[in-house]
Amino acid sequence: MTIPDQGLPLSRRETWKTLLAHRTAITPLTLASLFADDPFRADHMNASGAGLFFDYSKNRITKGTLELLLALARECHLPDRIEQMFSGEKINPTENRAVLHVALRSSRDDVFRVDGTNVVPEVHAVLDRMFVFARKIRSGDWRGQTGLPIRNVINIGIGGSDLGPVMAYEALRHYSRRDMNFRFVSNIDPTDFHEATRDLDPAETLFIVSSKTFTTLETMTNAQTARKWLQNALGAGAVEKHFVAVSTNTDAVRAFGINPENMFGFWDWVGGRYSMDSAIGLSTLLAVGEEHFQSLLEGFREMDHHFRLTPLEKNLPVLHGLLCVWEGTFLGSATRGVFPYDQYLKRFPAYLQQLTMESNGKHTSLDGTRVDYETGPVFWGEPGTNGQHSFYQLIHQGTRIIPSDLIGFLHPLHPTGPHHDILIANLFAQSEALAFGRTEADLQKQGVPPALIPHRICEGNRPTNVLLAEQLTPHTLGTLIAFYEHSVFTQGILWNIDSFDQWGVELGKILAQKILPELTGDPEPPLEHDSSTNALIKRYREARLSGS
């Protein structure tokens, strides 16, 4: 499928120009005035799908804004680009790859082709091997070197090989095996490994080494440290019973000492940040079991179907993506907050940071020219209500407008007195307060001393989306992640960028490989960096050599 003018910069499209004029026309409007003019605004500015309810009425938009954004999406051929992705076309042009993470959660009878080959049988072959392995670990049939069952699982990875598994484990801890420990090592800082293993028995510990190439510096350094820790306790032959790999590099896995039969593969058409429902999710599977993992995949799949088949005007990820473009590109918001009102989702904002910022943190359009508009915003957040007692002050009264997503659940996993009612009351209250604020007249009616009134005014007009689901289940988590994945895709299409490469990640890695021998070489090699970097290297060498 060839899409005409798909490389046309956003700023040269006719609807872009119309939206700029529209922005100027509606700038004087506030959320308070928009709701006053249309008391039923919330009734027609919401959408539902895949178990999620999406209220976007508290955005700085009119019906006309939304119509223009949808027109821009069609002008950018978004429906055709969605179909390109699901059809396995190579929509990642800088790496000449298909983008087919949707195949990872496919049904057995689905068909997703890459270079003419249906990849679904391969996906399910790996899943089946994962399920067999998980049953052995969880039942105690798999025994370590000394005959003890596995009670501790440590995932070693970084980036998408860590953030997804960590987030999923925390999000689904309610469903996890409480008689097993699940820990995660990603940072090259030795503290990370030390704290993950300090109280564990090597005889009961399994390491999952997750690296597509099995050459990632941080991951393999941590894996080598883990191997030494294990062998010091159990002997040189212990690796086979205490290590498995998630990789595509069979030779490197074998050379490390891991039996390739205990290697779970994945594919180059899966980006790391989109891989948590592949073998990268092996630790998640071990934690929650096959039934819950299957439910997680079903949640992903349900949102995939919604995204592919639902008209744009009722399509949840499309609407969210369009609103992100509106706020970031047209209205100049540099960040977006994500505030889940559920403690289990405490790592969800960090997961979204990689998903969104590594995908759409780009300044180059598909044709290689520099964009002349703002692309990906900074995503950040913490769970509610904790954030209300820290950074919400800036959101309410700061000089920068920060659009936010508030995520809540209608039913708690732990019904305990009034806790959940208070939690959700705060979610709804924050959405209302950010939208409508507190005026001088309100404060005067409350009898606030005149000198304090300027300090207590909240201007409002701070946009929020509210996402609600019934309960945080594995299925719901799948739909929620896929919702954001497809929103990121939508934004990238409008910005005309490649959301699936990450070339900005490699420069620091290349320089680190050059600097490392300069820190440890004897004699000291000549330094050819800038004066600041040279001085920092010399300072570190002096401290290292002196031992202080």
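- The protein carries the name Glucose-6-phosphate isomerase in an unreviewed UniProt entry, which gives Leptospirillum ferriphilum YSK as its organism.
- In its Sequence similarities (unreviewed entry) section, the UniProt entry covering the protein states "Belongs to the GPI family."
- For the record of the protein, the UniProt heading Function (unreviewed entry) holds the text "Catalyzes the reversible isomerization of glucose-6-phosphate to fructose-6-phosphate."

## Side note on the overall build of the protein
Now for step 1: Each helix and strand counted, the protein has 22 helices and 13 strands in total.
Now for step 2: Taking the principal axes of the C-alpha coordinates as reference, the protein spans close to 75 × 60 × 60 Å.
Now for step 3: Expressed as a percentage of the 548 residues in the protein, the buried residues total 53%.
Now for step 4: Long-range contacts, defined here as pairs at least 24 residues apart, represent 73% of the contacts in the protein between residues at least 6 apart.
Now for step 5: In the form shown here, the protein has an accessible surface area of approximately 23700 Å², with 52% of it arising from carbon and sulfur atoms.
Now for step 6: With 51 positive and 63 negative side-chain charges, the protein shows a separation of 3 Å between the mean positions of the two kinds.

## Overview of the packing of helix α1 (residues 14-26) against helix α14 (residues 316-330)
Now for step 1: In contact at an axis separation of 12 Å, α1 and α14 are set at 75° when each is read in the N-to-C sense. Taken together, the axes of α1 and α14 lie roughly perpendicular to each other. Contacts between α1 and α14 pair W16, L19, L20, H22, R23 and I26 from the former with W326, T329 and F330 from the latter.
Now for step 2: When grouped by side-chain class, the residues that make up the contact of α1 with α14 number six nonpolar, two polar and one charged.

## Quick look at the nonpolar core
Now for step 1: One finds W269, L286, F348, L477 and Y484 to be the most contacted residues of the largest nonpolar core, which totals 117 residues.
Now for step 2: Here this core takes eleven residues from helix α20 (residues 474-495), the largest share from any one element.
Now for step 3: The residues that make up this core include at least three from each of domain 1 (26-87 + 295-495) and domain 2 (103-288).
Now for step 4: Apart from the residues lying within four places of it in its own chain, the contact partners of F348 are M167, V338, I407, L480, I481 and Y484.
Now for step 5: I154, V239, F256 and I258 belong to the second-largest nonpolar core, a separate cluster that totals 23 residues.

## Remarks on the packing of aromatic side chains
Now for step 1: Using the criterion set out here, one finds 30 aromatic pairs in the structure.
Now for step 2: Measuring from ring centre to ring centre gives 5.5 Å for F133 and F264, while their planes differ by 55°; the resulting arrangement is tilted. Here the residue F133 occupies a position in helix α6 (residues 120-139), and F264 occupies one in strand β9 (residues 263-264), the gap between them amounting to 131 residues. Taken individually, F133 and F264 each receive the classification buried, so the pair is uniform in this respect.

## Topic: the UniProt feature "active site" (unreviewed entry) in the protein
Now for step 1: The UniProt record annotates "active site" (unreviewed entry) at E358, H389 and K509. These annotated residues cover 152 residues of sequence, and their C-alpha atoms reach 37.4 Å apart at the extremes, leaving them scattered rather than at a single site.
Now for step 2: Summarising the element assignment, E358 is placed in helix α15 (residues 348-360).
Now for step 3: Discounting residues that sit within four places of it in the chain, E358 has contacts with R273, Q353, D501, Q502 and V505.
Now for step 4: Here the side chain of E358 touches R273 through a polar contact of 2.9 Å, side chain to side chain.
Now for step 5: Within the element layout of this structure, K509 appears in helix α21 (residues 506-520).

## Some words on unusual backbone geometry
Now for step 1: Here G384 and T385 are connected by a cis peptide whose omega angle stands at 10°.
Now for step 2: Cis geometry marks the peptide bond from D522 to P523, where omega comes out at 5°.
Now for step 3: Relative to the helices and strands, P523 is located in the loop between α21 and α22 (531-546).

## Re the sheet that holds strand β5 (residues 152-156)
Strand pairs in the sheet, formed through backbone hydrogen bonds, run parallel or antiparallel to each other.
Now for step 1: Reading across the sheet, the five strands line up as β6-β5-β7-β8-β9 and stay open at both edges, with parallel pairing between neighbours. Each end of this open sheet is capped by a strand with a single partner; those strands are β6 (181-185) and β9.
Now for step 2: Direction of pairing for β5 relative to strand β7 (residues 205-210): parallel, over a ladder of five bridges. When the bridges of β7 are listed, I156 appears paired with V209.
Now for step 3: Docked against the sheet, helix α7 (residues 160-171) engages β5, β6 and β7, running at close to 150° with respect to β6.

The rules we used
- Residues numbered from 1 in each chain as written.
- Predicted model: local features only at pLDDT ≥ 70, side-chain atom pairs only at ≥ 80, totals over all residues.
- Heavy atoms only, no water.
- UniProt positions renumbered as here; feature names shortened; annotations may be inferred.
- Helix = DSSP H or I, 4+ residues; strand = E, 2+ residues; numbered from the N terminus.
- Buried < 20%, exposed > 50% of the residue type's maximum accessible area, 1.4 Å probe, protein only.
- Contact = heavy atoms within 4.5 Å.
- Areas by Shrake-Rupley, 256 points an atom, 1.4 Å probe, with all protein chains shown as cover.
- Lys, Arg positive; Asp, Glu negative; His and termini not counted.
- Charge placed at Lys NZ, Arg CZ, Asp CG, Glu CD.
- Axes fitted to C-alpha atoms, helices over the stretch in contact; angles between N-to-C directions.
- Parallel < 35°, antiparallel > 145°, perpendicular 65-115°, else oblique.
- Nonpolar A, V, L, I, M, F, W, Y, C, P; charged D, E, K, R; others polar.
- Core = buried A, V, L, I, M, F, W, Y, C linked by side-chain atoms within 4.5 Å.
- Domains from an automatic or database assignment.
- Phe/Tyr/Trp six-rings, centres within 6.5 Å; stacked < 30°, edge-to-face > 60°.
- Polar contact = N/O pair within 3.5 Å; in protein donor to acceptor, adjacent residues only side chain to side chain.
- Pairing = 2+ DSSP bridges.

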